[in-house]
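# Residue-level structural notes
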Amino acid sequence: MTQMPTQRGFEVLITAAEAYPRLEQEFMSAEREIVAGFRIFDPWTDLRSDNARVHGKDWFDLIVHTLNRGVKIHMILTDFDPVVRMDMHLYAWQCLRGLIAAGEASQHPQNLIASVAMHPARVGILPRCLLWPRSVKEIGDQIKRIAQNKGLSGRDLMEAAPGLKALTRLDGDTLKPRLFPPPPLVPVTHHQKLAVFDGKRLYVGGLDLNNRRYDTPRHDRSSDETWHDVQVVVTGDIAKEARTHLQNVAAAVSGHITDAPAKLLRTISAKRRFAAPYMSPRPVVSEIADAHHKAIARSEALIYLETQFFRDEALARSLAERARQQPSLTLIMMLPAAPEEIAFQDDWGPDAKFGEYLQTKCIDIVHDTFADRIFIGSPVQPRHHVTQSRDTHFDAPIIYLHAKVSIFDNHTGIVSSANLNGRSLNWDTEVAVQTETVDEVTQLRNRSFAHWLGSDADQTFYSPETACGAWAARAAQNTQKSPEKRAGFIVPYLTEPARQEAQALPGVPAEMA
């Protein structure tokens, strides 16, 4: 299926191979202003388009060029809890310093406003005290890990990661965790990924900016370098709403919620005024979740979900209830065969096991009601490779799926930064675009389906009445073939490997995973 933007200004971009050059184009086309908020925006990311590489080799150079043209850039990066995500806290500040250096290298440094933003919610003092010994140990373990991996001295690490100053002390040149007071813990992050250009064009979806997240529609890199994602570029009033959201997000997460936008969908939580017994923030805006529940209730033939995580029990029960009400309703879901940390890392622990517990529970809920009207698939590469870990699936390397796409019959499509888990739908700062026309929904479905199915899939794979059965049959047939001879990327998702890792954590909010 060829990529055809609709007249209403809705363009679907599959993987960073399409999205990054488009983002570069938008930076080069902006005339007055760029306002953006990303979980990760690394200025040392390689430029991908020929037009952008005229100005340099990486985003540092493109930022300099954009500022030199007189365009104002306001960039908000996510900051991370230095207790449990010390590596990401360090990375956020490295990215910020790179952006500031780009501003200083330009002719108009005053045109750049760049900051890191940590959500103001904190775990209450009672659960912090319960987690006190574990938190101190975690700080010590991460200091050792970072020192070993990056070769940083204790003094250099404290300087590079400002959040460590209140958590650690220097013993000579050795950085050690403070034993008192109990470390503060941040339960929530800004997970959004969006940019607004001149208040007219919105770039939004699940994709951050760094070299790790670059992949092509062929997914022919090593498995741990694959990264399937979806972005959209939308024009119109929704871009103005997204700009307003970025300007107001700091106030919103502090509890000062403005009026709901007409088109943009959000998840927003705020800090609690009295947090002592709580591990959670105060959920205040759940427009992305609400839109999903509303669209589910209207669906009659096919729901398609493409998500990194399926862990929200309320959403699973909403799907199950609609399946009982509508006997003709079918469900296709695409999930990665394993979470990233379990597939590619050796240091995962109880939080990953808890996520697998929640996902198997949600899958069981929808399986029990949809029965033979559901297909859950996972993407794998068309080459043979077997290991003992979950980075392979049906004798092939997995493709890591990070996209967040939901399609409901022909009436609704949602592209967002939000996973289908409690964290994204209730806690983290998230942004979504909901399609408004049949043309947009059709474009989103055709591009998403064609990517996984390949060029030989006929209309039975696309029709809401026949798609579920056709996808299931193709995935089953693929398991009987060598990876090199399979059609498209799809094979069945298997719950048993996840079930073997699953572990409940009584008392821990489901939104933590």
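Now for a description of the structure that goes with this document. (Residues numbered from 1 in each chain as written. Predicted model: local features only at pLDDT ≥ 70, side-chain atom pairs only at ≥ 80, totals over all residues. Heavy atoms only, no water.)

Read from one edge of the open sheet, 7 strands run E1-E9-E8-E7-E2-E3-E4, paired in mixed fashion. Edge strands, defined here as strands with exactly one partner in the open sheet, are strand E1 (10–14) and strand E4 (112–117). Averaged over all neighbouring strand pairs, the angle between strand axes comes to 10 degrees, with direction disregarded. Here strand E2 (residues 33–38) pairs with strand E3 (residues 72–78) via 6 bridges, running parallel. Looking at E3, one finds that Phe 38 is bridged to Leu 77. Each of E2, E3, strand E7 (193–197), strand E8 (201–205) and strand E9 (230–235) is contacted by helix H8 (residues 237–253), which is oriented at about 115 degrees to E7, the strand it contacts most. (Pairing = 2+ DSSP bridges. Helix = DSSP H or I, 4+ residues; strand = E, 2+ residues; numbered from the N terminus. Axes fitted to C-alpha atoms, helices over the stretch in contact; angles between N-to-C directions. Contact = heavy atoms within 4.5 Å.)

It is worth spelling out the pairing of strand E5 (residues 168–171) at this point. Here 4 bridges tie E5 to strand E6 (residues 174–177), and the two strands are oriented antiparallel to one another. The residue bridging Leu 170 from the neighbouring strand is Leu 175, located in E6.

As a further point, take the state of the cysteines. On inspection of all chains with the given rule, the structure shows 0 disulfides. A disulfide-free cysteine, Cys 468 has its sulfur positioned 19 Å from the sulfur of Cys 362, the nearest such atom. (Disulfide = S-S within 2.5 Å.)

Our focus in this paragraph is helix H1 (residues 15–29). Compared with the 21 Å implied by 1.5 Å per residue over 15 residues, the 21 Å span of H1 between its first and last C-alpha is a close match. Those residues of H1 that sit buried are Thr 15, Ala 16, Ala 19, Tyr 20, Arg 22, Leu 23, Glu 24, Glu 26 and Phe 27. (Expected span 1.5 Å × (residues − 1). Buried < 20%, exposed > 50% of the residue type's maximum accessible area, 1.4 Å probe, protein only.)

With that out of the way, let us pick up the packing of aromatic side chains. The description of two aromatic rings rests on the distance between their centres and on the angle between their planes. According to the stated counting rule, one finds 17 aromatic pairs in the structure shown. A ring pair is formed by Trp 227 and Tyr 400, whose centres lie 5.5 Å apart and whose planes are at 50 degrees; its orientation type is tilted. Within this pair, whereas Trp 227 is found in the loop between E8 and E9, its partner Tyr 400 is found in the loop between strand E16 (396–397) and strand E17 (405–408), the two being separated by 173 residues in sequence. Accessibility assignment for this pair places Trp 227 and Tyr 400 in one class, buried. Between Phe 344 and Tyr 400, the aromatic rings sit 6.2 Å apart at their centres with planes inclined by 70 degrees, giving edge-to-face as the arrangement. Here Phe 344, found in helix H11 (residues 340–344), pairs with Tyr 400, found in the loop between E16 and E17; they are 56 residues apart in sequence, far enough to count as distant. Judged by its relative accessible area of 0%, Tyr 400 falls in the buried class. Clustering of aromatic rings is evident, with ring pairs tying together Phe 27, Phe 38, Phe 41, Trp 59 and Phe 197. Positioned above the aromatic ring of Tyr 214, the side-chain terminus of Arg 48 is 3.6 Å from the ring centre. One Lys or Arg, Arg 213, reaches over the ring of Trp 227 and ends 4.5 Å from the middle of that ring. (Phe/Tyr/Trp six-rings, centres within 6.5 Å; stacked < 30°, edge-to-face > 60°. Lys NZ or Arg CZ within 6 Å of the ring centre and 35° of its normal.)

Another point: helix H3 (residues 59–68). Burial analysis of H3 places 7 of its 10 residues in the buried class, which makes it a mostly covered element. Every buried residue of H3 is listed here: Trp 59, Phe 60, Leu 62, Ile 63, Val 64, Thr 66 and Leu 67. Of the surrounding secondary structure, the elements contacted by the buried residues of H3 are H1, E2, E3, helix H4 (86–105) and E4. Phi for Gly 70, located one or two positions after H3, is positive at around 90 degrees.

Before going further, it helps to examine the packing of helix H14 (residues 438–453) against helix H15 (residues 467–479). With their axes 12 Å apart at the nearest point, H14 and H15 run at an angle of 20 degrees to one another. What the angle tells us is that H14 and H15 run roughly parallel. For the crossing formed where H14 meets H15, the hand is left-handed. Each of Phe 449, Trp 452 and Leu 453 in H14 lies in contact with H15, whose residues at this interface are Ala 467, Trp 471 and Arg 474. Across the contact of H14 with H15, the residue classes tally to 5 nonpolar, no polar and 1 charged. (Parallel < 35°, antiparallel > 145°, perpendicular 65-115°, else oblique. Left-handed = near helix turned anticlockwise from the far one by under 90°. Nonpolar A, V, L, I, M, F, W, Y, C, P; charged D, E, K, R; others polar.)

We now examine the side chain of Thr 216. Note on placement: Thr 216 falls in the loop between E8 and E9. A relative accessible area of 10% means that Thr 216 is categorised as buried. Those residues within four positions of Thr 216 in sequence are excluded, and the remaining contacts are Thr 15 and Ala 17.

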